[in-house]
Amino acid sequence: LYMRSGVVGATNYNTVMNQFRTTYLTNVTNMNALLQTNCGAARTAGMEIYGIAFAAPVEGQAQISGCSSDPKENYYFNATDGDKLKAAFKAIATDISELRLTQ
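Below: a short report on this structure.

## Observations concerning the overall build of the chain
Move 1: The secondary structure content of the chain amounts to five helices and two strands.
Move 2: Taken from N to C terminus, the helices and strands of the chain fall in the order α-α-β-α-α-β-α.
Move 3: In the chain, which comprises 103 residues, the share counted as buried stands at 19%.
Move 4: Counting contacts in the chain only where the partners sit at least 6 residues apart, residues at least 24 apart contribute 47% of the total.

Shown next, in the form of structure tokens:
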């Protein structure tokens, strides 16, 4: 977590971190809801979101899948080992290599 400019000193750092913790890190349910809200906003804004669950527990897989863009078979990968992780990154690299910037 990087602090915004203008926050200096250990006391201010601790104040900011404690505020962050008490606001956002209250419980897993709240953190999951915030994640899905942010992912939904990004997708609505037109962003494509790739998700890779690497040896993640079932709930983690669900959160990453829920964050990923549709169709899930193109944007969500459940990598259970190193080979599947490499394959996921290769598939993503192949997909985004077709992107072009225009003005």
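## What to know about the state of the cysteines
Move 1: Tallied over the full model, the rule gives one disulfide.
Move 2: With a sulfur-sulfur separation of 1.8 Å, Cys-39 is cross-linked through a disulfide to Cys-67. Across the S-S bond of Cys-39 and Cys-67 the torsion is about -75°, and the bridge reads as left-handed. Of this pair, Cys-39 sits in helix α2 (residues 28–44) while Cys-67 sits in helix α3 (residues 58–67), placing them 28 residues apart in sequence. Here the two residues Cys-39 and Cys-67 agree in accessibility, since each one is buried.

## Some thoughts on the environment of Gly-82
Move 1: By secondary structure assignment, the location of Gly-82 is in helix α5 (residues 82–96).
Move 2: Looking at Gly-82, the relative accessible area reads 36%, which means it is partly exposed.
Move 3: In this structure, the C-alpha to C-alpha distance between Gly-82 and Ala-55, residues 27 residues apart in sequence, is 9.5 Å.

## Comments concerning the side chain of Asn-32
Move 1: By the element assignment, Asn-32 lies in helix α2.
Move 2: Its relative accessible area of 18% is what places Asn-32 among the buried residues.
Move 3: In terms of polar contacts, Asn-32 uses its side chain to reach the side chain of Glu-59, at 3.2 Å.
Move 4: The contacts of Asn-32, once residues within four sequence positions are left out, are Glu-59 and Gln-63.

## Digging into α3
Move 1: For α3, the set of buried residues is Gln-63, Ser-65 and Cys-67.
Move 2: Looking at the buried residues of α3, the elements they touch are α2, α4 (72–75) and β2 (76–79).

## Section: α2
Side chains of residues three or four places apart in an α-helix project in the same direction, reflecting 3.6 residues per turn.
Move 1: For α2, which comprises 17 residues, the first-to-last C-alpha distance of 24 Å matches the rise-based estimate of 24 Å (1.5 Å per residue) to within 8%.
Move 2: Residues Asn-32, Cys-39, Gly-40 and Ala-42 constitute the buried set of α2. Looking straight down α2, one finds that the buried residues subtend no more than 160° of arc, so they occupy a single side. Turned more than 90 degrees away from the buried face of α2 sit Thr-37, Asn-38 and Thr-44, all of them exposed.
Move 3: The inward-facing, buried residues of α2 abut α3.

Cut-offs applied
- Residues numbered from 1 in each chain as written.
- Predicted model: local features only at pLDDT ≥ 70, side-chain atom pairs only at ≥ 80, totals over all residues.
- Heavy atoms only, no water.
- Helix = DSSP H or I, 4+ residues; strand = E, 2+ residues; numbered from the N terminus.
- Buried < 20%, exposed > 50% of the residue type's maximum accessible area, 1.4 Å probe, protein only.
- Contact = heavy atoms within 4.5 Å.
- Disulfide = S-S within 2.5 Å.
- Polar contact = N/O pair within 3.5 Å; in protein donor to acceptor, adjacent residues only side chain to side chain.
- Expected span 1.5 Å × (residues − 1).
- Arc of directions from axis to C-beta.

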